[in-house]
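This is what each chain is made of:
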Amino acid sequence: MRKRSLIPIFYILFLMLPIYWLVTMSFKTTNEILAGFTLFPQTFTLDSYITIFTDPTWYWGYINSIIYVSLNTVLSVAVALPAAYAFSRYRFLGDKQLFFWLLTNRMAPAAVFALPFFQLYSSVKIFDTHLAVALAHTLFNVPLAVWILEGFMRSIPKELDETAYVDGYSFPRFFIKIFLPNIGAGVGVAAFFCFMFSWVEMLLAKTLTAVEAKPIAAVMTRTASSAGYELGLLAAAGTLTIIPGAIVIYFVRNYIARGFAMGRV
Amino acid sequence: MKTENQKAWFFVLPVLFLVAFNALVPMMTVVNYSVQETFGNNTFFWQGLDWFEQILRSDRFQAALGRQFMFTAIILAIEIPLGIIVALSMPRKGIWVPVCLVLMALPMLIPWNVVGAMWNIFALPKIGMLGYFMNDVLGVHYDMTQDPLAAWITVIVMDVWHWTSLVVLLCYAGLVSIPDAYYQAAKIDGASPWAVFRYIQLPKMKTVLTIAILLRFMDSFNIYTEPFVLTGGGPGNSTTLLSIDLVKIALGQFDLGPAAAMSLIYFAITLLVSWVFYTLMTKDDPK
């Protein structure tokens, strides 16, 4: 083993400590957590997980989150694809300004825009729907998706487009049959980033939902009651929020390294 | 070579509609609030630019802005070099690559309020792992609910834990795109590891570093949920970053006018700094 590999090992250890601690905490009783620090659960319990999987408010929180995150990912990538194609292939009036303007939408302080967002979505009558959260999250996901996809598309030579036209392909057929498979890795990476940022964002998700589409992150505030914090439950819910992300990243792990390597990025 | 084609606008239209709906309407609302005064009942009075003047002069805003710049500067100074170092020392091939990537990406996939909540308990003296280790094993007095310095350290360590992986992933992606031939040529020339880094790896990472620095700047400048859940801005006002202060004014005191003015100033500062970064880092890109 070379000395150099110590750095990633220490770094990963540093990353894993709080996660290990969260996971062990989820198997402890709240009393044990409050009594003092223990490295392993002394009285191993699955109560917290049983509560989550049997109480509809809890598991619907997860389902709601997964619904709007998927909706957002599909929507963001779908609108970003043609735009990224235009940015990578053509010059047009105001293209650079437009590109930077898109980027600026990541900079608006969400904390203050939450209230206007609430008013806007109430007035178009989609408050408390999955669509509302999915649409709101496109604000910061679409610019990123355009940015990533543009990088990948730029690395595909323009001759590919021209050859396809010579062969008599129409634009939609060319785009779906030839172009998309070529930037598959880019679509994977863009979708992953959309998934990630939509999954972890919770200020807007919480503001735009009440009952029907309440995300898991908002349900978790229920662990604080008059009787104090139910820390075991909080830890179990937190542990479960890592799992969908971990599954997604397991599937796109190869795209991330190989994918980014292809393009400009 | 790109061709000039104004019809490309049609491709951009869906994005334009979607983002404009989300960005312009709320933005107009905020602009409206920022120049008006209300006494309830949805009656508004023209106020002019008073709120802007009031905010810019207030000590509270200047202090929060100062803390915000300090926070962003510190985390950029830690996360960017650390991210580069970890990316450089990661394995390039083999079964450890996916393991490293998946493990490193885990912190980013945890919802932000969960991150805040878990670090809050993690750092508590007596019952949290970090708090227990610092107080009972090392014997250092460490309590982030009492001591502003401890609170600052906790907020920064939490952010480094949460986001350094983003820099690592981006830099790693840049590094694996360097063909082996470059390294072989450098070896023949007898280049030192520093020279390899300076003249081969760093230029190849430039575009990904641009993305990493811009994203980290924007997101850390707008950070809200994690420090709010972790410390609530305390003890006192010591970790009240700009967003936290803004929400205190907007929703705590319900002073919509000053809050709107403040968020526009805030937005303008973010925009200006990002634009400077963006132009500096892309100025010698071949377009």
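Here, the structure is the one placed above.
Please read these numbers as outputs of a predicted model, since none were measured by experiment. Along each chain, numbering runs from 1 in the same order as the chain's sequence is written. Here the convention is simple: chains get letters from A, ligands get numbers from 1, in the order in which they are written. Reporting in this predicted model follows two pLDDT cut-offs: at least 70 for local features of residues, and 80 or more for side-chain atom pairs to be given and counted; totals over whole chains, interfaces and linings ignore these cut-offs and use all residues. The basis for every side-chain value is the complete set of non-hydrogen atoms in the structure, without hydrogens or water.

1. Some words on the overall build of chain B
Inference 1: The helix and strand tally for chain B stands at 12 helices and three strands.
Inference 2: Principal-axis analysis of the C-alpha atoms gives chain B an extent of 75 × 70 × 30 Å.
Inference 3: Counting the 287 residues in chain B, one finds 54% classified as buried.
Inference 4: By definition in these notes, contact holds between two residues if any of their heavy atoms fall within 4.5 Å. Contacts in chain B between residues far apart in sequence, at least 24 positions, make up 66% of those at least 6 positions apart.
Inference 5: Accessible area for chain B stands at about 13000 Å²; split by element, carbon and sulfur atoms hold 69% of it.
Inference 6: Note on charges: Lys and Arg go in the positive column, Asp and Glu in the negative column, and His and the chain ends are not counted at all. For the purpose of locating charges, the reference atoms are NZ of Lys, CZ of Arg, CG of Asp and CD of Glu. Charge separation in chain B, taken as the distance between the mean sites of 16 positive and 18 negative side-chain charges, equals 12 Å. Numbering goes from the N terminus for both helices and strands, where a helix is a DSSP run of H or I of at least four residues and a strand is a run of E of at least two. Each residue gets one of three labels from its accessible area relative to the maximum for its type: buried under 20%, exposed over 50%, partly exposed in between, using a 1.4 Å probe on protein chains only. Residue exposure ignores everything except the shown protein chains as possible cover, and the areas themselves are Shrake-Rupley values with a 1.4 Å probe.

2. Things to note about the interface of chain B and chain A
Where interface size is quoted, it is often the accessible area lost as the parts come together.
Inference 1: Listed as interface residues are 94 residues of chain B and, on the opposing side, 95 residues of chain A.
Inference 2: The quantity reported as buried area is the accessible area (1.4 Å probe) lost by two parts once they are put together, taken as the sum for both. A combined buried area of about 8700 Å² lies between chain B and chain A, and 80% of that area is made up of carbon and sulfur atoms.
Inference 3: For salt bridges, the criterion is a side-chain nitrogen of Lys or Arg within 4 Å of an Asp or Glu carboxyl oxygen. Along the contact surface separating chain B from chain A lie zero salt bridges.
Inference 4: The definition of a polar contact used here is a pair of N or O atoms within 3.5 Å, where within protein one atom must be able to donate a hydrogen and the other to accept one, and adjacent residues in sequence count solely through side-chain atom pairs. The tally of links between chain B and chain A comes to 10 residue pairs in polar contact (both at pLDDT 80 or more).
Inference 5: Looking at the side of chain B that touches chain A, the element that brings in the most residues is helix H1 (residues 9-34) of chain B, giving 19 residues.
Inference 6: Asp, Glu, Lys and Arg are counted as charged, while Ala, Val, Leu, Ile, Met, Phe, Trp, Tyr, Cys and Pro are counted as nonpolar; the rest, among them Gly, fall into the polar class. Of the residues in the side of chain B that touches chain A, the class split is 71 nonpolar, 18 polar and five charged.
Inference 7: Bridge analysis of strand S1 (residues 90-91) of chain A against strand S1 (residues 3-4) of chain B gives two bridges, and the strand direction is parallel. Think of it this way: DSSP has to see at least two bridges between two strands before they count as a pair.

3. A closer look at the packing of helix H3 (residues 59-89) of chain B against helix H11 (residues 242-252) of chain B
Residue and element names in this part refer to chain B.
Inference 1: Structural elements are reduced to axes, namely lines fitted to C-alpha atoms, with helices fitted over the stretch in contact, and the angle between N-to-C directions of any two is expressed from 0 to 180 degrees. H11 packs onto H3 with a crossing angle of 150° between their chain directions and a minimal axis gap of 8 Å. Relative to H11, the element H3 is oriented roughly antiparallel. Contacts from Arg-60, Phe-61, Ala-64, Leu-65 and Gln-68 of H3 reach H11 at Leu-242, Ser-243, Asp-245, Lys-248 and Ile-249.
Inference 2: Among the residues making up the contact of H3 with H11, the classes are represented as five nonpolar, two polar and three charged. Each angle gets one of four labels, with under 35 degrees taken as roughly parallel, over 145 as roughly antiparallel, 65 to 115 as roughly perpendicular, and the rest as oblique.

4. Side note on the pattern of salt bridges
Residue and element names in this part refer to chain B.
Inference 1: Enumeration according to the criterion identifies six salt bridges over all chains in this entry.
Inference 2: Ionic pairing is found between Glu-53 and Arg-57, a salt bridge with its closest N-O pair at 3.2 Å. In this pair, Glu-53 and Arg-57 are both assigned in helix H2 (residues 50-57), four residues apart and thus about one turn of the helix distant.
Inference 3: Here Glu-53 falls in the partly exposed class, since its relative accessible area comes to 43%.
Inference 4: Since its relative accessible area comes to 62%, Arg-57 is described here as exposed.
Inference 5: Notably, a salt bridge pairs Arg-216 with Glu-79, separated by 2.9 Å at the nearest N-O pair. Residue Arg-216 is located in helix H9 (residues 193-221), and its partner Glu-79 is located in helix H3; the two are separated by 137 residues in the primary sequence. Note on accessibility: Arg-216 and Glu-79 belong to one class, buried.
Inference 6: Connected through salt bridges with shared partners, the residues Glu-79, Asp-159 and Arg-216 form a single ionic network.

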